[in-house]
Amino acid sequence: MAQVYDHGGGVRSIEVPIPDNPLGHTLVYVVDTDRGPVLIDTGWDDPASWDTLAEGLAACGTAPAEIHGVVITHHHPDHHGLSGKVREASGAWIAMHAADAAIVRRTRTTRPERWFSYMADKLTAAGAPDAHVSPLRTARRRSTLPGFAPAAPDREIVPGELLDLPGRRLRAIWTPGHTPGHVCLHLEEEHPARLPGHGRLFSGDHLLPGITPHIGLYEDPDDTTVTDPLGDYLASLERVGRLAPAEVLPAHQHTFTDAPARVRELLAHHESRLTGLLTLLAAPLTPWQLAERMEWNRPWDQIPYGSRNIAIAEAEAHLRRLVKSGKAEAVAGSEPVAYVAV
């Protein structure tokens, strides 16, 4: 049975399950407009997830075939996965920020072998042992996981502009960090319960009440630009904090108030983590060695293969922030490259 919650003011949420994931579900928001319901995110591409979404829409008095549009906070498969099925059922438009739309197009056109080779090279450069890299060297088949053939969006979300939701005021706020094109969506309308603050904020994965989103690297096999995703995220957090919405409607967990306080907590968390990493970097470490020594939600030897790849990316994102802020540097001549505090 789909779990549906009425947030008032023509906004409801549906808990769409994510298979075999500790997050449990994605909160898909249904926003009433003068031309029919619009979804904010759609959930994971899985038959059970689709059934739950359809049941939830029925409980909201609508159906997949009646959806007018889909607004995607970011391209990850637990948010964008079912967008194509919604569009097939309804003819709805799909809107996404240009930076994430570029990732979707690249994912649709890049051969799997190119991705496996790219990831193997990246992990080798990060100091991963051969035993960890070799499965990627021999992998040649397209993954059956959702996300390898995502739906191409047909509208662009332009930061600062109001989206085309007739009868509503929904403004896009660009919040890169978790992905390069992540957007939060500011509903510039009085809170239905008249809570103090400025409207309501659909925060995607950018601002969550009890967990910190993954900040890894913006991966592109054909782009050698050295990005700073953690720096992007911290700046984006401050931007959202200044909005001071009355309520935050995130894509996971539950709604909450006092966004500025949560922003301060997350800024303090990352500052503390960066300080801790400088202590670890008293002696030179590769990104792999740093990840092994960082604090995660379980010991390193209990972290699954795929999650280790995510951890390496997060370690590298933190290293890039330290290097850019002048607090760490690469050790000249090291191979693979090691970093040390300065």
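Quick caveat: nothing in here was measured; it's all calculated off a predicted structure.

**Q** Looking at this model, I keep getting lost on the sheet that holds strand S11 (residues 247–250). Mind explaining?
**A** Note: strands within a sheet are paired through backbone hydrogen bonds, in either parallel or antiparallel orientation. The four strands lie next to each other as S8-S9-S10-S11, forming an open sheet whose pairing is mixed. Each having just a single partner strand, strand S8 (170–174) and S11 make up the two edges of the open sheet. When the angles between neighbouring strand axes are averaged without regard to direction, this sheet yields 25°.

**Q** What's the story with helix H7 (residues 229–243) in this structure? I'm lost.
**A** For an α-helix, 3.6 residues make a turn, and residues three or four places apart therefore share a direction. Between the first and last C-alpha of H7 there are 21 Å, a value that for 15 residues agrees with the 21 Å anticipated at 1.5 Å per step. For H7, every residue scored as buried is listed here: Pro229, Leu230, Gly231, Tyr233, Leu234, Ser236, Leu237, Val240, Gly241 and Leu243. Packed against the buried residues of H7 are S8, strand S9 (183–187), strand S10 (200–204), helix H8 (259–280) and helix H10 (305–324).

**Q** Looking at this structure, I do not really get helix H4 (residues 98–109). What am I missing?
**A** With 12 residues, H4 extends 17 Å between its outermost C-alpha atoms, agreeing within 8% with the 16 Å of an ideal straight helix rising 1.5 Å per residue. Among the residues making up H4, those that are buried are Asp100, Ala101, Ile103, Val104, Arg106 and Thr107. Close packing links the buried residues of H4 with helix H2 (77–80), strand S6 (93–97) and helix H5 (112–125).

**Q** I'm lost on the nonpolar core in this one. Help?
**A** If you look at the biggest cluster of nonpolar residues, it comprises 42 residues, and the most contacted ones within it are Leu207, Tyr233, Leu237, Leu281, Leu290, Trp300 and Ile312. In this structure, Trp50, Leu53, Cys60 and Leu82 belong to the second largest nonpolar core, which totals 20 residues.

**Q** Explain the packing of H7 against H10 here, please?
**A** The relative placement of two packed helices is expressed as an angle between their axes plus a distance between the axes. It is at 7 Å that the axes of H7 and H10 come closest, and there the two elements cross at 80°. As the angle between them shows, H7 and H10 are arranged roughly perpendicular. Contacts from Leu230, Gly231 and Leu234 of H7 reach H10 at Ala317, His318 and Arg321. Residue composition of the contact of H7 with H10, grouped by class: three nonpolar, two polar and one charged.

**Q** Explain the environment of Pro213 to me, please; I cannot follow it from the model alone.
**A** Residue position: Pro213 is located in the loop between S10 and H7. A relative accessible area of 5% means that Pro213 is categorised as buried. In this structure the C-alpha to C-alpha distance between Pro213 and Asn297, which are 84 residues apart in sequence, comes to 13 Å. Excluding residues that lie within four positions of it along the chain, Pro213 makes contacts with His178, Asp205, His206 and Tyr233.

**Q** Teacher, can you tell me more about the pattern of salt bridges here?
**A** Taken as a whole and assessed by the stated rule, the structure comprises 13 salt bridges. The shortest N-O distance in the salt bridge between Arg87 and Asp154 comes to 2.7 Å. Here the residue Arg87 occupies a position in helix H3 (residues 83–90), and Asp154 occupies one in the loop between helix H6 (130–138) and strand S7 (155–157), the gap between them amounting to 67 residues. Between Arg262 and Glu265 there is a salt bridge, with the nearest N and O atoms lying 2.8 Å from each other. With Arg262 and Glu265 both in helix H8 and three residues apart, the pair spans about one turn of that helix. Within this structure, Arg169, Arg171 and Glu188 form a network of salt bridges that share partners.

**Q** Would you take a moment to explain the sheet that holds strand S4 (residues 38–40) for this structure?
**A** Taken in spatial order, the seven strands line up as S1-S2-S3-S4-S5-S6-S7 in an open sheet, and their pairing is mixed. Looking at the sheet topology across the chains shown, the edges are occupied by strand S1 (4–6) and S7. Here the strands of the sheet are splayed against their neighbours by 25° on average, with no regard to which way each runs. As paired elements, S4 and strand S5 (residues 69–71) share three bridges and run parallel to each other. Counterpart to Ile40 in the pairing with S5 is Val71. Its contacts with the sheet put H4 on S6 and S7, and the angle it makes with S6 is roughly 110°.

**Q** Got a minute to help me understand the packing of H6 against H10 in this structure?
**A** Following both chains from N to C, one finds H6 and H10 inclined at 105°, their axes separated by 12 Å at the closest point. With respect to H10, the element H6 is oriented roughly perpendicular. Contact residues: H6 offers His132, Pro135 and Leu136, while H10 offers Tyr305, Arg308 and Asn309.

Definitions and cut-offs
Residues numbered from 1 in each chain as written. Predicted model: local features only at pLDDT ≥ 70, side-chain atom pairs only at ≥ 80, totals over all residues. Heavy atoms only, no water. Pairing = 2+ DSSP bridges. Helix = DSSP H or I, 4+ residues; strand = E, 2+ residues; numbered from the N terminus. Axes fitted to C-alpha atoms, helices over the stretch in contact; angles between N-to-C directions. Expected span 1.5 Å × (residues − 1). Buried < 20%, exposed > 50% of the residue type's maximum accessible area, 1.4 Å probe, protein only. Contact = heavy atoms within 4.5 Å. Core = buried A, V, L, I, M, F, W, Y, C linked by side-chain atoms within 4.5 Å. Parallel < 35°, antiparallel > 145°, perpendicular 65-115°, else oblique. Nonpolar A, V, L, I, M, F, W, Y, C, P; charged D, E, K, R; others polar. Salt bridge = Lys/Arg side-chain N within 4 Å of Asp/Glu carboxyl O.

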